[in-house]
Amino acid sequence: MKAVTWQGKRDVRVEEVPDPGIRKPDDVIVRITSSAVCGSDLHLYEVMTPYLNEGNVLGHEPMGVVEEVGPEVNAVAPGDRVVVPFNICCGSCWMCSQGLYSQCETTQQHEHGTGAALFGYTELYGEVPGGQAEYLRVPFGNTLPIKVPEGPADDRFLFLSDVLPTAWQGVEYAAVPDGGTLLVLGLGPIGEMATRIGQHRGYRVLAVDLVPDRLERARSHGVEVYDLQEHEDDLVEVVREATGGRGPDSVLDAVGMEAHGAPVAKAVQQAAGFLPSVLQRKVMDNASMDRLHALYLAIELVRRGGTISVSGVYGGTSDPLPMRVLFDKQVQIRMGQANVLRWVPEIMPLLLDGDPLGTDAFASHRVPLDQAPDAYEKFQKKEDGYFKVVLQP
Ligand SMILES: NC(=O)c1ccc[n+]([C@@H]2O[C@H](COP(=O)([O-])OP(=O)(O)OC[C@H]3O[C@@H](n4cnc5c(N)ncnc54)[C@H](O)[C@@H]3O)[C@@H](O)[C@H]2O)c1
Ligand SMILES: [Zn+2]
Ligand SMILES: [Zn+2]
């Protein structure tokens, strides 16, 4: 089959790889019809390179049609339309029973001290072949695939794989009081979806980014947007003024480790990229390699006694944090990979009854799988309005 493979820093290629097959009695093989590219894939493209190996198949936001099932699978059958969550979880261990699917005890990666395995996401998360491919092997066939109805086009359901539950959890963890104010940092797909969810829940929503078409997109549905480039020096002041002098009740960081505005950390990330992979790992396993600009902004922006929710992915192990400010302001922080299946029952009704979150028109580009290298490049550079790309095998 054809698949998007990682070959090195900023180098992905579509190659022929062996077809996946049923390996365990509860495996399912899905023929992929749509597979999105995520901001998290950009971390693999640029920064997390020491944890990848040439030929790794990328992708963790797929959906398609069940092609084949193992003998123990009875929850889905060939021909069923399914979305595949990005976390690989058993659905029955203690963590899964608590709704903490991204911490699944059956697939935790003990060797690296990390949580549940993920599709298409580095050795740290199990090096499991991903879904930017024509076919995908999905384990735990009775609990993991999300069955969705025929009818609407793929995009209505595709974002259940990651964007919707991640943004949902981000807003949930932001603990915005009724009628309160949520400020979202970053208007990529995660941040943009979080603004919509915040509005759907009746919050006042503010957001910050620096890409003009992303700011415009959020502004067009009523978000109060701030351009970081314009407010490099006075963002905190201006936002505070707009929020009763206190700051927003909650701030959601939907940026993560590659934030704009952190030149020193960027230099460290880039320099580490030139070391041999063993040394790169040493640096990454023992040092701060995150660009923390967005998190620092969140800490400054949030009101005293407010909550910061972190959806953006961080990877450093000794990132410097302003503990005095956090302690003094009495800030609460929640974060983590989304527990995809935890939120599906709450989100699904919004996809079946109209489309209040606007998933049908959420993607900016749909391209054949073959064009993945170009799509990765444009998405990284945020060129040509690239916002959310769906690959169509
Ligand atoms: N927690 C999870 O389960 C989970 C799931 C999916 C994605 N993510 C993470 O969420 C983050 C966002 O993902 P995405 O797909 O929306 O990515 P993206 O790269 O498209 O979006 C990031 C946005 O942040 C903006 N930005 C950069 N620096 C900024 C700054 N200092 N202040 C404000 N905005 C800034 C960029 O211009 C961009 O629009 C990534 O870190 C991704 O890895 C987490
Ligand atoms: Zn993703
Ligand atoms: Zn589990």
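Look up a bit, the structure's there.
A brief structural summary. These figures come from a predicted structure and were not determined experimentally. (Residues numbered from 1 in each chain as written. Chains lettered and ligands numbered in written order. Predicted model: local features only at pLDDT ≥ 70, side-chain atom pairs only at ≥ 80, totals over all residues. Heavy atoms only, no water.)

### A short note on the overall build of the protein chain
Point 1. In terms of helices and strands, the protein chain carries 13 helices and 15 strands.
Point 2. The C-alpha atoms of the protein chain give 20 Å as radius of gyration, which agrees with the globular expectation for 393 residues (21 Å, within 12%).
Point 3. Along the longest, intermediate and shortest principal axes, the C-alpha atoms of the protein chain span 60 × 50 × 45 Å.
Point 4. Per-residue burial for the protein chain yields a buried fraction of 56% across its 393 residues.
Point 5. Residue pairs at least 24 apart in sequence account for 72% of intrachain contacts in the protein chain once pairs closer than 6 positions are excluded.
Point 6. Carbon and sulfur atoms make up 50% of the accessible area of the protein chain, which amounts to about 16,000 Å² in all.
Point 7. Averaging the coordinates of the 34 positive side-chain charges in the protein chain and doing the same for the 54 negative ones gives two points 3 Å apart. (Helix = DSSP H or I, 4+ residues; strand = E, 2+ residues; numbered from the N terminus. Rg over C-alpha atoms; globule rule 2.2 N^0.38 Å. Buried < 20%, exposed > 50% of the residue type's maximum accessible area, 1.4 Å probe, protein only. Contact = heavy atoms within 4.5 Å. Areas by Shrake-Rupley, 256 points an atom, 1.4 Å probe, with all protein chains shown as cover. Lys, Arg positive; Asp, Glu negative; His and termini not counted. Charge placed at Lys NZ, Arg CZ, Asp CG, Glu CD.)

### Notes on the packing of helix α1 (residues 39–46) against helix α13 (residues 372–381)
Point 1. Close contact between α1 and α13 brings their axes to 10 Å; oriented N to C, the two are set at 100°. With respect to α13, the element α1 is oriented roughly perpendicular. Between α1, through Gly39, Asp41, Leu42, Tyr45 and Glu46, and α13, the contact on the second element is made entirely by Pro373, Tyr376, Glu377, Phe379 and Gln380.
Point 2. For the contact of α1 with α13, a count of residues per class yields 5 nonpolar, 2 polar and 3 charged. (Axes fitted to C-alpha atoms, helices over the stretch in contact; angles between N-to-C directions. Parallel < 35°, antiparallel > 145°, perpendicular 65-115°, else oblique. Nonpolar A, V, L, I, M, F, W, Y, C, P; charged D, E, K, R; others polar.)

### Quick word on the pairing of strand β10 (residues 224–227)
Point 1. Across 4 bridges, the pairing between strand β9 (residues 204–209) and β10 is parallel. Each bridged residue has a counterpart across the sheet, and for aspartate 209 the counterpart in β10 is aspartate 227.
Point 2. Between the parallel pair β9 and β10, the chain is carried across by helix α6 (residues 212–219), and the sense of this crossover is right-handed. (Pairing = 2+ DSSP bridges. Right-handed = clockwise from strand over helix to strand, strands pointing away.)

### Remarks on the coordination of the zinc ion (ligand 3)
Point 1. On the protein side, the zinc ion (ligand 3) has Cys90 (SG), Cys93 (SG), Cys96 (SG) and Cys104 (SG) as donor atoms, found 2.3 to 2.4 Å from it.
Point 2. In this structure, the zinc ion (ligand 3) is surrounded by 4 donor atoms whose angles at the metal cover 103 to 117°, and the resulting shape is tetrahedral.
Point 3. Along the chain, the residues that donate to the zinc ion (ligand 3) are spaced as C-x2-C-x2-C-x7-C. Placement of cysteine 93 in the loop between β5 (81–83) and α2 (94–97) and of cysteine 104 in the loop between α2 and β6 (135–138) is noted, with a sequence separation of 11 residues between them. (Donors = N, O, S within 2.8 Å, 3.2 Å for Na, K, Ca; no water. Tetrahedral: all angles 85-135°; square planar, octahedral: opposite > 155°, others 65-115°.)

### Regarding the packing of aromatic side chains
Point 1. If you walk through the whole model with that rule in mind, you get 4 aromatic pairs.
Point 2. On the numbers, 5.4 Å between centres and 45° between planes, the contact of tyrosine 45 with tyrosine 376 is tilted. Placement of the pair is tyrosine 45 in helix α1 and tyrosine 376 in helix α13, with a sequence separation of 331 residues. No difference in accessibility class separates tyrosine 45 from tyrosine 376, as the two residues are buried.
Point 3. For the ring pair tyrosine 121 and tyrosine 125, a centre distance of 6.3 Å and an interplane angle of 55° mean the geometry is tilted. One exposure class covers both tyrosine 121 and tyrosine 125, and it is buried. (Phe/Tyr/Trp six-rings, centres within 6.5 Å; stacked < 30°, edge-to-face > 60°.)

### Some thoughts on the coordination of the zinc ion (ligand 2)
Point 1. Protein-derived ligands of the zinc ion (ligand 2) are Cys38 (SG), His60 (NE2), Glu61 (OE) and Asp162 (OD), with the metal-ligand distances lying across 1.9 to 2.3 Å.
Point 2. Coordination at the zinc ion (ligand 2) is tetrahedral: its 4 donor atoms span angles of 93 to 126° at the metal.
Point 3. Written as a sequence motif, the donor residues of the zinc ion (ligand 2) are C-x21-H-E-x100-D. You'll find histidine 60 and glutamate 61 in the same group, each marked buried.

### With respect to the sheet that holds strand β8 (residues 181–185)
Point 1. Strand order in the open sheet made by the 6 strands is β10-β9-β8-β11-β12-β13, with parallel pairing throughout. Since the sheet does not close on itself, it has two edges, and those belong to β10 and β13 (332–335), each with one partner. Averaged over all pairs of adjacent strands, the angle between strand axes in this sheet comes to 20°, irrespective of strand direction.
Point 2. On the sheet, α6 packs against β9 and β10 and is oriented at approximately 165° with respect to β10.
Point 3. Lying on the sheet, helix α7 (residues 235–242) is in contact with β8, β9 and β10; it crosses β10 at an angle near 165°.

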